[in-house]
Protein chains: 2
Amino acid sequence: MTSNRPYHHGDLRRVLLAVAVEAIEEAGPAALSLRELARRAGVSHAAPAHHFGDKSGLLTALAVEGFELLAQAMRAAGDDLLEVGVAYVGFAVRHRAHFEVMFRPDLYRADAEEVRTARERTGALLRSGVAAVSGGPDGAGDVRRNTLAAWSIVHGFATLWLAGALPPDAGGDPQASAREVIGRLFA
Amino acid sequence: MTSNRPYHHGDLRRVLLAVAVEAIEEAGPAALSLRELARRAGVSHAAPAHHFGDKSGLLTALAVEGFELLAQAMRAAGDDLLEVGVAYVGFAVRHRAHFEVMFRPDLYRADAEEVRTARERTGALLRSGVAAVSGGPDGAGDVRRNTLAAWSIVHGFATLWLAGALPPDAGGDPQASAREVIGRLFA
DNA sequence: GATCCTAACTTGTCATTGACAAGACGACCC
DNA sequence: GGGTCGTCTTGTCAATGACAAGTTAGGATC
């Protein structure tokens, strides 16, 4: 057990995050165990602590990564607000581990500087998307309310889908269902 | 430490649930410890297991109670769908511990019979509320989509508020903000 | 190319926890 | 007043998170 694996893993931080995503997808963030991650990565039980300090440190890193991935997914969706919303749902479905951690601030250090900037960057993206379509008369107030409405409907759909709370007829293709539902907001 | 407390607590099950709500409100469901609950209730560390089997058993009971309380709150809101939505948000805010557990199926036995019936009862209430206002032409399809949209926006708002993800200007009175946002869906 | 320096990782340990087994207690019934 | 069963306790075990102290090697400096 001692031999051919090099002492310095070289990429352990990244591997641990990847393995954490796997584990969370299998059993949820509550069941996450640092020692289990170490086992999957093939390192000693204390190795994760070196890179992340403690469990919440690891989840903090995951949350930051999540907000960055989400911003990226939203940017890739283009200028159509409807498609940005669909991309939000798509992100939640494809990166459910990240998503579940991001909006569970009791699991990590939500007040950490890196988290706040990552989250703020993503939020600004959403607001500007809403502002682009809210050409109504009373600008600012409308944008605020419309942002809240758009974010709520998209986030709610994603959350309910992940929780398995939706009736089976919405389950097949979440992105298609989401498109219908979000469209309802613009009708 | 041995004396005046009676051996049979008499109401332990209910007390444990109440104490669990307190603990979850303080530190989130992830940090919940059965032994800590026992300490707060003034009983031995194994007493909770007798009533709930294990941790997920306790959370299952909490979830069932939560779905019942939610149904009750929605019924009390009357026939106006907007007010039902506001009541949904109000429930989430006032019973955040229940709410947070209810939609985290990895924490409890979501497939338990009691859970499924309680959840189904609540879902039916929502659907009938939506059906009452969806007087449109193609009945069933519209009701399905409108239910999903209404539930999503309300659930999303509640979830984001609980996660502390909303910008501060939405924080003051969540129910008032929710009313604005939900109104946006009917405009 | 020897030395040092520091980041990366390991071994060892402790308090806490969830789960289980076995036993003590007492309310209720006949 | 003797059983009986649900309620609660004591005792224990493996697993976990956190921390302390030691080990290894990559790379800079001379």
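Residues numbered from 1 in each chain as written. Chains lettered and ligands numbered in written order. Predicted model: local features only at pLDDT ≥ 70, side-chain atom pairs only at ≥ 80, totals over all residues. Heavy atoms only, no water.

### Brief notes about helix α2 (residues 34-41) of chain B
Residue and element names in this part refer to chain B.
Alright, step 1. Within the sequence span of α2, burial applies to Leu 37, Ala 38 and Ala 41. On an axial view of α2, the arc spanned by its buried residues comes to 100°, and they lie on one face.
Alright, step 2. Elements that come into contact with the buried residues of α2 comprise α1 (12-27), α3 (47-52) and α4 (55-76).
Alright, step 3. Backbone geometry just downstream of α2 places Gly 42 in the positive-phi region, at approximately 75°. (Buried < 20%, exposed > 50% of the residue type's maximum accessible area, 1.4 Å probe, protein only. Helix = DSSP H or I, 4+ residues; strand = E, 2+ residues; numbered from the N terminus. Arc of directions from axis to C-beta. Contact = heavy atoms within 4.5 Å.)

### What to know about the domain arrangement of chain A
Residues and elements named next belong to chain A.
Alright, step 1. Its domain assignment divides chain A into domain 1 (1-53) and domain 2 (54-186).
Alright, step 2. Computed from C-alpha coordinates alone, the two centres of domain 1 and domain 2 are separated by 28 Å.
Alright, step 3. Tallying the contact residues gives 13 residues for domain 1 and 17 residues for domain 2.
Alright, step 4. Carbon and sulfur atoms supply 76% of the area buried between domain 1 and domain 2, which totals about 1,300 Å² over both sides. (Domains from an automatic or database assignment. Buried area = accessible area lost by both parts, 1.4 Å probe.)

### Regarding the layout of surface pockets
Alright, step 1. In this model, the largest pocket occupies a volume close to 570 Å³.
Alright, step 2. As for the largest pocket, its lining consists of 33 residues, and the residues nearest its centre are A:Phe103, A:Arg104, B:Glu100, B:Phe103 and B:Arg104.
Alright, step 3. For the lining of the largest pocket, the secondary structure elements donating two or more residues are α1 (12-27), α6 (96-102) and α8 (139-162) of chain A together with α1, α6 (96-102) and α8 (139-162) of chain B.
Alright, step 4. Of the residues that constitute the lining of the largest pocket, the class distribution is 15 nonpolar, six polar and 12 charged. (1 Å grid on protein atoms, 1.4 Å probe; cavity = no way out; pocket = protein on both sides within 12 Å on 5 of 7 lines; lining within 4 Å. Points joined across faces, edges and corners; volume = space filled by probe spheres on them. Nonpolar A, V, L, I, M, F, W, Y, C, P; charged D, E, K, R; others polar.)

### A word on the interface of chain A and chain B
Alright, step 1. The interface is formed by 33 residues belonging to chain A together with 33 residues belonging to chain B.
Alright, step 2. In total, chain A and chain B occlude about 3,100 Å² of area from one another, counting both sides; carbon and sulfur atoms represent 66% of this.
Alright, step 3. Considering only the surface of chain A that becomes buried against chain B, A:Leu148, A:Leu160 and A:Arg184 emerge as the three largest contributors, covering 17% of it.
Alright, step 4. At the junction of chain A and chain B, the tally comes to two salt bridges. (Salt bridge = Lys/Arg side-chain N within 4 Å of Asp/Glu carboxyl O.)

### Remarks on the relation of the copies chain A and chain B
Alright, step 1. It takes a turn of 180° to lay chain A on chain B, together with a shift of 0.0 Å along the axis; the resulting RMSD is 0.0 Å. Such a combination of rotation and displacement between the chain copies is what one expects of a two-fold axis.
Alright, step 2. When the interface residues of chain A are mapped onto chain B, 100% of them are again interface residues, pointing to one common binding face. (Least-squares fit on C-alpha atoms with pLDDT ≥ 70 in both.)

### Regarding the environment of B:Lys55
All names here are of chain B.
Alright, step 1. Counting through the fold element by element, Lys 55 comes out in helix α4.
Alright, step 2. For Lys 55, a relative accessible area of 35% corresponds to the partly exposed category.
Alright, step 3. Each C-alpha atom, one on Lys 55 and one on Leu 16, is 12 Å from the other, the two residues being 39 residues apart in sequence.

### Some words on the packing of aromatic side chains
Alright, step 1. What the rule picks out here adds up to eight aromatic pairs over all chains.
Alright, step 2. With 6.0 Å between their ring centres and 90° between their planes, B:Tyr88 and B:Phe99 make a pair best called edge-to-face. Placement of B:Tyr88 in helix α5 (residues 81-94) and of B:Phe99 in helix α6 is noted, with a sequence separation of 11 residues between them.
Alright, step 3. Classification of B:Tyr88 as buried rests on a relative accessible area of 4%.
Alright, step 4. Judged by centre distance (6.4 Å) and plane angle (65°), the rings of B:Phe91 and B:Phe99 are edge-to-face. The pair B:Phe91 / B:Phe99 is uniform in exposure class, with both members buried.
Alright, step 5. Through successive ring pairs, a cluster of aromatic residues spans A:Phe67, A:Tyr88, A:Phe91, A:Phe99 and A:Phe103. (Phe/Tyr/Trp six-rings, centres within 6.5 Å; stacked < 30°, edge-to-face > 60°.)

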